[in-house]
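Tertiary structure, described
Now for the letters of each chain:
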Amino acid sequence: MTTEHVGLLIANADLVVTMDDDRREIPGGWVAVNDGFVVGVGGPGEEPAAHDVVAANGCVVTPGLVNTHHHMYQNLTRSFAPALSGNLFHWLRTLYPVWSRLDEEAAYVSAWIGLCELALGGCTTTTDHLYVHPRNSGDLISAEIRAATELGFRFHPTRGSMSLSQKDGGLPPDSVVQSDDEILADSERLVGLHHDPRPGAMTRVALAPCSPFSVTPDLMRETAVLAERLDVRLHTHLAEDADEDSFCLETFGCRPIEHFEEVGWASDRAWVAHCIFPDETEIGKLSQWGTGIAHCPSSNQLIGAGLAPVRELRDAGIPVGIGCDGSASTDCASLWLETRGALLLARLRGGADAMMAREALEMATLGGAACLGRDDIGSLSVGKAGDLVVWPVNGVAFAGALTDPVEALLRCGPVVAKHTVVRGQLLVKDGVLTHPGVDEMLGRHRGIAREWLDAATA
Ligand code: ZN
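All values reported here derive from a predicted model rather than from experimental measurement.

1. Side note on the pattern of salt bridges
Counted according to the given criterion, the structure contains 29 salt bridges. A salt bridge links Glu228 to Arg269; the nearest nitrogen and oxygen atoms lie 3.4 Å apart. Of this pair, Glu228 sits in helix H5 (residues 217-230) while Arg269 sits in the loop between helix H7 (256-262) and strand E13 (270-274), placing them 41 residues apart in sequence. Take Glu228: its relative accessible area is 52%, and that puts it in the exposed class.

Shown next, in the form of structure tokens:
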């Protein structure tokens, strides 16, 4: 540590949970961040001088949480009542026409509000899977990236796509699908424009055909080839619903994960959302391939189709991250809540020894980083990205929780981040978003959501 002042010092935490290689947990600890990277982590009495000092008394400090699956535009149709009953396919068929109104303004505003919501829930890096690209809707991914850049959020947008419409045996209507060529050309354009492969990158782009029932096998194949050539990651939904099994058996003559392999996606370049229905052999294959899984606890519960076998996936050595999934199926986008949900669901499925809070937190940090192919986020040690969360573990909700602050963090609550720091900048300070434009943006969001609803019910 030099004698010069560092930019930001988070000091005097009840506990700093580093998630580093030794899983150090430091009572009375501190974290120093300079120029966007962690420059020191330590215990009482070793703190460096800093320009900004944030006291973390009564708080636990963790690495920023990583969100591995989301559809932020869906917050414009949050808890959309007509889609609440019925299965996943019914839910999608009800919402596709409403989403066909998506344009650049709606993508920008929904991402802006979505990122604010994530910051309050302790997330510092998020993906987004935007797969609805209506005709003449403009550059929706660049609009989302503009929102993330303005707010200072670490962002992994994925260029989602749908190319198999109802007339070709798929699920979505014609109005929201594009041709394979159009999708591939736009994917390459977006990677060229925005993807930053360097350590500490704030924006990385992945390629993300939506699901087996909304894209052609050719698009899956060509996307995998393109991702290899551009050296970017691959993302899709996989094994999310029993109907998907029947669809794949009827259409491709095999199960979803076999189809995934057949179209050239079986590798550690890919991470997939949900994976609720792999059988034992398929879990073995996923492990062999190193394919990551985005586990979305609330979405699994709300859609009601089933629960991902997270214990089995983790035991097989598969990278598992946490995702909140879209804001029309997980209407509350809090990574804290999802991490807690992962803990509870694992214990519901496997018994009380099936998971402890530290493992759930590991999934939400290191697991997420592994899904995104990054080793510079998800832990706090010198040289890692300066992304962290200061969680309050005091007050009424934590009264009496004296034995283990990490267990308390996920079992007490509900908890909103006290401070959320990305690249050394406070996005949330004292539980409040630091960007001044939130009220104005909420007004724009309300206007668009109302317009969509009026059009849907006209
Ligand atoms: Zn999803």
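Continuing now.
2. Focus: empty space enclosed by the protein
Applying the stated criterion across every chain, the model contains four cavities of 30 Å³ or more. Together, 18 residues line the largest cavity, and Leu88, Trp91, Leu92, His237 and Glu240 are the ones closest to its centre. At the level of elements, helix H1 (88-99) and helix H9 (297-303) are the ones that each hand at least two residues to the lining of the largest cavity. The biggest single contributor to the lining of the largest cavity is H1, with four residues. Counted by class, the lining of the largest cavity contains eight nonpolar, eight polar and two charged residues. Size it by volume and the second largest cavity reaches roughly 50 Å³. Lining the second largest cavity, in full, are His295, Ala308, Val310, Ala342, Leu345, Ala346, Arg349, Met355 and Met363. Among the elements that line the lining of the second largest cavity, the one with the most residues is helix H11 (residues 335-350), at four residues.

3. Some thoughts on the confidence of the model for the chain
In this model, the chain carries an average pLDDT of 95, and 99% of its residues clear a pLDDT of 70 or more. For the chain, the element scoring lowest by mean pLDDT is H1, at 88; strand E7 (residues 59-63) scores highest, at 99.

4. Thoughts on the sheet that holds strand E18 (residues 425-429)
What the seven strands build is an open sheet, ordered E3-E2-E7-E16-E17-E18-E19; its pairing is mixed. Two strands close off the open sheet at either side, each with one partner strand: strand E3 (25-27) and strand E19 (432-433). Judged from the three bridges that link them, strand E2 (residues 15-17) and E3 form a sheet pairing that is antiparallel. Directly across from Val16, in E3, lies its bridge partner Ile26.

5. Concerning unusual backbone geometry
Across the junction of Gly413 and Pro414, the peptide omega takes the value 0 degrees, indicating a cis bond. With respect to the helices, strands and loops of the structure, Pro414 is situated in the loop between helix H13 (405-411) and strand E17 (419-422). The residue Ser79 is not glycine, and still its phi comes out positive at about 45 degrees. With respect to the helices, strands and loops of the structure, Ser79 is situated in the loop between strand E8 (65-67) and H1. A residue is classified by how much of its surface remains accessible, and Ser79, at 46% relative accessible area, is partly exposed.

6. Some remarks on H11
For H11, built from 16 residues, the straight-helix expectation of 22 Å at 1.5 Å per residue is met to within 8% by its first-to-last C-alpha distance of 22 Å. When H11 is considered as a whole, its buried residues turn out to be Leu335, Trp336, Glu338, Thr339, Gly341, Ala342, Leu343, Leu345 and Ala346.

7. What about the packing of helix H2 (residues 104-120) against helix H3 (residues 140-151)?
It is at 8 Å that the axes of H2 and H3 come closest, and there the two elements cross at 35 degrees. With respect to the hand of their crossing, H2 and H3 are arranged in right-handed fashion. Touching Glu104, Ala107, Tyr108, Ala111, Trp112, Leu115 and Cys116 of H2 are Leu140, Ala143, Glu144, Arg146, Ala147, Ala148, Glu150 and Leu151, all from H3. Considered class by class, the residues forming the contact of H2 with H3 number 11 nonpolar, no polar and four charged.

8. Looking at the layout of surface pockets
By volume, the largest pocket is sized at about 270 Å³. Lining the largest pocket are 17 residues; nearest its centre among them are His195, Arg204, Arg233, Leu372 and Gly373. Split by residue class, the lining of the largest pocket holds seven nonpolar, three polar and seven charged. Of the pockets and cavities examined, the second largest pocket occupies roughly 220 Å³. Broken down by secondary-structure element, the contributors of at least two residues to the lining of the second largest pocket are strand E1 (6-11), strand E4 (30-34), strand E6 (50-55) and E18. Residue classes in the lining of the second largest pocket are distributed as five nonpolar, five polar and four charged.

9. Details of the coordination of the zinc ion
Only His69 (NE2), His71 (NE2), His237 (NE2) and Asp325 (OD) from the protein reach the zinc ion as donors, at distances of 2.1 to 2.5 Å. Coordination at the zinc ion comes from four donor atoms whose angles at the metal span 89 to 173 degrees, giving a geometry best classed as irregular. Donor residues for the zinc ion sit on one chain with the sequence pattern H-x1-H-x165-H-x87-D. Note that His69 is positioned in the loop between E8 and H1 and Asp325 in the loop between strand E15 (320-322) and H11, a separation of 256 residues in sequence. Judged by its relative accessible area of 0%, His69 falls in the buried class. Asp325 gets classed as buried once you look at its relative accessible area, which sits at 4%.

Conventions we followed
Residues numbered from 1 in each chain as written. Predicted model: local features only at pLDDT ≥ 70, side-chain atom pairs only at ≥ 80, totals over all residues. Heavy atoms only, no water. Salt bridge = Lys/Arg side-chain N within 4 Å of Asp/Glu carboxyl O. Helix = DSSP H or I, 4+ residues; strand = E, 2+ residues; numbered from the N terminus. Buried < 20%, exposed > 50% of the residue type's maximum accessible area, 1.4 Å probe, protein only. 1 Å grid on protein atoms, 1.4 Å probe; cavity = no way out; pocket = protein on both sides within 12 Å on 5 of 7 lines; lining within 4 Å. Points joined across faces, edges and corners; volume = space filled by probe spheres on them. Nonpolar A, V, L, I, M, F, W, Y, C, P; charged D, E, K, R; others polar. pLDDT = per-residue confidence, 0-100. Pairing = 2+ DSSP bridges. Expected span 1.5 Å × (residues − 1). Axes fitted to C-alpha atoms, helices over the stretch in contact; angles between N-to-C directions. Left-handed = near helix turned anticlockwise from the far one by under 90°. Contact = heavy atoms within 4.5 Å. Donors = N, O, S within 2.8 Å, 3.2 Å for Na, K, Ca; no water. Tetrahedral: all angles 85-135°; square planar, octahedral: opposite > 155°, others 65-115°.

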